[in-house]
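So the chains spell out like this:
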Amino acid sequence: MNVNGVTNTAATQNYPAANHKNEKPEENKSPANNSGVVYEPSNAGKAQKYKPDAETIARLKADTDARKSQLMELVRKMISGQGNAQNKADSIWSLLREGKLSPDAATRDQAIKDIGEDGYWGVSQTSQRILDFAKALTGGDPKKIDEMQRAFEKGYKMAEKTWGGKLPDISQKTFDAVIDGFKKMKEEMGIA
């Protein structure tokens, strides 16, 4: 009986018969004679599980809380030195926005250091913290990067509303650095 030509003698004549009697077992085991393929199971079909990086999130929150307290202390010192200026203003934000505060030299110097190029509240460090926080929240899931970017943009608009208008230049530079960071993150993940 012919099964798809496999048992047909004409088909088997095209392939020489193997001579297994004269082969030594060691010959088949040498790397030079090993032309077989090794099967390695892939992760295709298996869904990757992403988890938020709780340790990084907690560290970033704690660091930001501590630094925010320091910043608030600087602002409190500035306001307390202004006497009744605070009572005449609608809010602390309007005092800051309108530049109606005159800090003492030490407070001013500390603020300049903090928002400087290498400062904790400077563009580079602040934008990197925002991106690290976003990445930690996604657990590395590339599908959530756009969601993180939209949340950041929404938060920025909320900050402008609280501020009472356009945020200072340093905030806009930080915004731009974060958006650039999200673009680079997407490119690195192959989702640009």
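Owing to the predicted nature of the structure, the values given are computational and were not obtained by experimental measurement.

Novice: Would you explain the overall build of the chain in this entry?
Specialist: On a plain count of helices and strands, the chain comes out with nine helices and zero strands. Listed N to C, the secondary structure of the chain is α-α-α-α-α-α-α-α-α in terms of helices and strands. Each of the 192 residues in the chain was classed as buried or not, and the buried ones make up 21%. Taking contacts inside the chain between residues at least 6 apart in sequence as the whole, the part at least 24 apart equals 61%. A total accessible area of about 14700 Å² is found for the chain, and carbon and sulfur atoms account for 52% of it.

Novice: Could you clarify how one ought to interpret the layout of surface pockets in this entry?
Specialist: Regions of empty space are outlined by a rolling probe, equal in size to a water molecule, passed over the atoms. Here the second largest pocket defines a volume of roughly 200 Å³. Ser127, Gln128, Leu131, Asp132, Lys135, Ala177, Asp180, Gly181, Lys184, Met185 and Glu188 together form the lining of the second largest pocket. Contributions of two or more residues to the lining of the second largest pocket are made by helix H7 (123-138) and helix H9 (169-188). With six residues, H9 is the largest single contributor of residues to the lining of the second largest pocket. Residue composition of the lining of the second largest pocket, by class: three nonpolar, three polar and five charged.

Novice: Explain the environment of Asp104 here, please?
Specialist: Counting through the fold element by element, Asp104 comes out in the loop between helix H5 (92-97) and helix H6 (105-115). Its relative accessible area of 38% is what places Asp104 among the partly exposed residues. Within the structure, the side chain of Asp104 is placed 2.9 Å from the side chain of Thr107, a separation counted as a polar contact.

Novice: What is the right way to look at the environment of Gly119 in this model?
Specialist: For Gly119, the position within the fold is in the loop between H6 and H7. Other than its neighbours up to four places away in sequence, Gly119 contacts Lys113, Asp114 and Gln125.

Novice: I'm lost on the packing of helix H8 (residues 145-163) against H9 in this one. Help?
Specialist: When two helices pack together, their arrangement is given by the angle between their axes and by how far apart the axes lie. Close contact between H8 and H9 brings their axes to 10 Å; oriented N to C, the two are set at 175°. In terms of orientation, H8 lies roughly antiparallel with respect to H9. Between H8, through Ile145, Asp146, Met148, Gln149, Phe152, Glu153 and Tyr156, and H9, the contact on the second element is made entirely by Ser171, Gln172, Phe175, Val178, Ile179, Phe182, Met185 and Lys186. The residue inventory of the contact of H8 with H9, partitioned by class, reads nine nonpolar, three polar and three charged.

Novice: Which parts of the structure should I look at to understand the nonpolar core?
Specialist: One broad rule of soluble globular proteins: the nonpolar side chains tend to lie buried together. If you look at the biggest cluster of nonpolar residues, it comprises 13 residues, and the most contacted ones within it are Leu131, Phe152, Phe175, Val178, Phe182 and Met185. Counting only elements with at least two residues in this core, the list comes to H7, H8 and H9.

Novice: Can you walk me through the confidence of the model for the chain in this structure?
Specialist: Caution applies to low-pLDDT parts of the model: their predicted coordinates are not meant to be read in detail. Of the residues in the chain, 64% have a pLDDT of 70 or more, and the chain-wide mean is 77. For the chain, per-element mean pLDDT is lowest for helix H1 (residues 9-13), which scores 47, and highest for H9, which scores 95. Between residues 1-16, whose pLDDT stays under 50, and residues either more than four places distant or in other chains, the model counts five contacts.

Novice: Which parts of the structure should I look at to understand the side chain of Asp114?
Specialist: Among the secondary structure elements, Asp114 is positioned in helix H6. Here Asp114 sits buried without a salt bridge, and the closest side chain of opposite charge, Arg67, lies 5.0 Å off (N-O distance). Beyond its immediate stretch of four places on either side in the chain, Asp114 contacts Leu74, Gly119, Tyr120, Trp121 and Gly122.

Novice: Please clarify how the packing of aromatic side chains should be interpreted in this entry.
Specialist: Any pair of aromatic rings gets described here by the distance separating the centres and the angle formed by the planes. All chains considered together, the criterion is met by four aromatic pairs. Ring geometry for Phe152 and Phe182: centres 6.4 Å apart, planes at 55°, overall tilted. Residue Phe152 is found in helix H8, and its partner Phe182 is found in helix H9; the two are separated by 30 residues along the sequence. As far as the burial class goes, Phe152 and Phe182 line up, both buried. Aromatic pair Tyr156 and Phe175: ring centres 4.6 Å apart, planes at 50°, arrangement tilted. Of this pair, Tyr156 sits in helix H8 while Phe175 is found in helix H9, placing the two residues 19 residues apart along the sequence. When sorted by exposure, Tyr156 lands in the same class as Phe175, which is buried.

Procedures and definitions
Residues numbered from 1 in each chain as written. Predicted model: local features only at pLDDT ≥ 70, side-chain atom pairs only at ≥ 80, totals over all residues. Heavy atoms only, no water. Helix = DSSP H or I, 4+ residues; strand = E, 2+ residues; numbered from the N terminus. Buried < 20%, exposed > 50% of the residue type's maximum accessible area, 1.4 Å probe, protein only. Contact = heavy atoms within 4.5 Å. Areas by Shrake-Rupley, 256 points an atom, 1.4 Å probe, with all protein chains shown as cover. 1 Å grid on protein atoms, 1.4 Å probe; cavity = no way out; pocket = protein on both sides within 12 Å on 5 of 7 lines; lining within 4 Å. Points joined across faces, edges and corners; volume = space filled by probe spheres on them. Nonpolar A, V, L, I, M, F, W, Y, C, P; charged D, E, K, R; others polar. Polar contact = N/O pair within 3.5 Å; in protein donor to acceptor, adjacent residues only side chain to side chain. Axes fitted to C-alpha atoms, helices over the stretch in contact; angles between N-to-C directions. Parallel < 35°, antiparallel > 145°, perpendicular 65-115°, else oblique. Core = buried A, V, L, I, M, F, W, Y, C linked by side-chain atoms within 4.5 Å. pLDDT = per-residue confidence, 0-100. Lys, Arg positive; Asp, Glu negative; His and termini not counted. Salt bridge = Lys/Arg side-chain N within 4 Å of Asp/Glu carboxyl O. Phe/Tyr/Trp six-rings, centres within 6.5 Å; stacked < 30°, edge-to-face > 60°.

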